Structures are given as structure tokens and as C-alpha cells.
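For reference, the chains in residue letters:
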Amino acid sequence: MLEIELLEVDRNKAMNLGSCRQHVQAFALSTTIVKLLQQATDFANLLTLLQQVFAAQGITSAPPVIPVGGQKHVLLNLPGTSANFSDALSLVKTGREV
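Note that this is a predicted model, so its numbers are computed, not measured.

1. Remarks on the sheet that holds strand β3 (residues 25–29)
Consideration 1: Strand order in the open sheet made by the three strands is β3-β5-β4, with antiparallel pairing throughout. Two strands close off the open sheet at either side, each with one partner strand: β3 and β4 (66–68). Between one strand and the next, the sheet's axes are offset by a mean angle of 30°, whatever the strand orientation.

Here is the structure:
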């Protein structure tokens, strides 16, 4: 089954949503690492576990990351990224689902 959403957006508002000015980095997480991170009891414990995961890959300090993914678990590092969602609701002019 294939579901497609077609959206017509305001180009100017879309361009003002945000920007990413530097190199984007992605860190794939194995199922074992995801299970380890799910065992965190609180946020501080999660940060400690993340630092250990990055240290195992030779990264001395954990970069700021955003978790993404459904079946695949990935952490994205987006330095210099900004977002402006104030016009997000008026961005879409028309939409269709096929």
C-alpha cells in the first residue's frame, strides 16, 4: 500500500521555516543500543548512557542530537540549525491525499 500526500505550500513561508547552514551528521543506533537507552531511569541517566555510546565510537563529548526514525533509530546532529514555526499553520495552501 502506498500513501502519498501532495501539498501546495507558500514558497516564501516555506523558505522562512528554518535553515541548516553546516554539515549534518547522522548516528545510526543498533537495537542493542536502543534497548540500553530505553533502560534509562531519568534524563540525567539517559545523558550518561548517551555519552557512553558516543565514547564507544571515539567521540569524546556527546554532540547535541535529535532522535528520528521509526523502524531505524538515528540521532541527527544539526549544527547551526534554526526553526521558525510561527507561520507553519498558514504554510499549506492546498493538500490532497492519494
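2. Thoughts on the pairing of strand β5 (residues 73–77)
Consideration 1: Sheet topology places β3 next to β5; five bridges connect them, and they run antiparallel. Across the sheet, the residue bridging to Ala26 is Leu76, located in β5.
Consideration 2: Pairing of β4 with β5 involves three bridges; the strand directions are antiparallel. Bridge pairing links Ile66 to Leu76 in β5.

3. Some details on a nonpolar patch on the surface
Consideration 1: A cluster of nonpolar side chains, namely Leu2, Ile4, Leu6 and Val98, defines an oily patch on the protein surface of about 390 Å² accessible area.
Consideration 2: Summarising the element assignment, Leu6 is placed in strand β1 (residues 5–9).

4. Here we look at the nonpolar core
Consideration 1: Counting residues in hydrophobic clusters, the biggest one holds nine residues: Phe27, Leu29, Val34, Leu37, Leu49, Leu50, Val53, Phe54 and Leu75.
Consideration 2: Taken together, the elements giving at least two residues each to this core come down to β3, α2 (31–38) and α3 (43–56).
Consideration 3: Not counting residues within four places of it along the chain, the set of residues in contact with Val34 comprises Leu29 and His73.

5. Focus on the confidence of the model for the chain
Consideration 1: Residues with a pLDDT of 70 or more make up 87% of the chain, whose mean pLDDT is 79.
Consideration 2: Here strand β2 (residues 18–20) stands out as the least confident element of the chain, with mean pLDDT 65; α3 is the most confident, with 88.

Rules of the game
Residues numbered from 1 in each chain as written. Predicted model: local features only at pLDDT ≥ 70, side-chain atom pairs only at ≥ 80, totals over all residues. Heavy atoms only, no water. Pairing = 2+ DSSP bridges. Helix = DSSP H or I, 4+ residues; strand = E, 2+ residues; numbered from the N terminus. Axes fitted to C-alpha atoms, helices over the stretch in contact; angles between N-to-C directions. Patch = residues over 30% accessible without salt bridge, like charges linked within 9 Å, V, L, I, M, F, W, Y side chains within 5 Å. Areas by Shrake-Rupley, 256 points an atom, 1.4 Å probe, with all protein chains shown as cover. Salt bridge = Lys/Arg side-chain N within 4 Å of Asp/Glu carboxyl O. Core = buried A, V, L, I, M, F, W, Y, C linked by side-chain atoms within 4.5 Å. Buried < 20%, exposed > 50% of the residue type's maximum accessible area, 1.4 Å probe, protein only. Contact = heavy atoms within 4.5 Å. pLDDT = per-residue confidence, 0-100.

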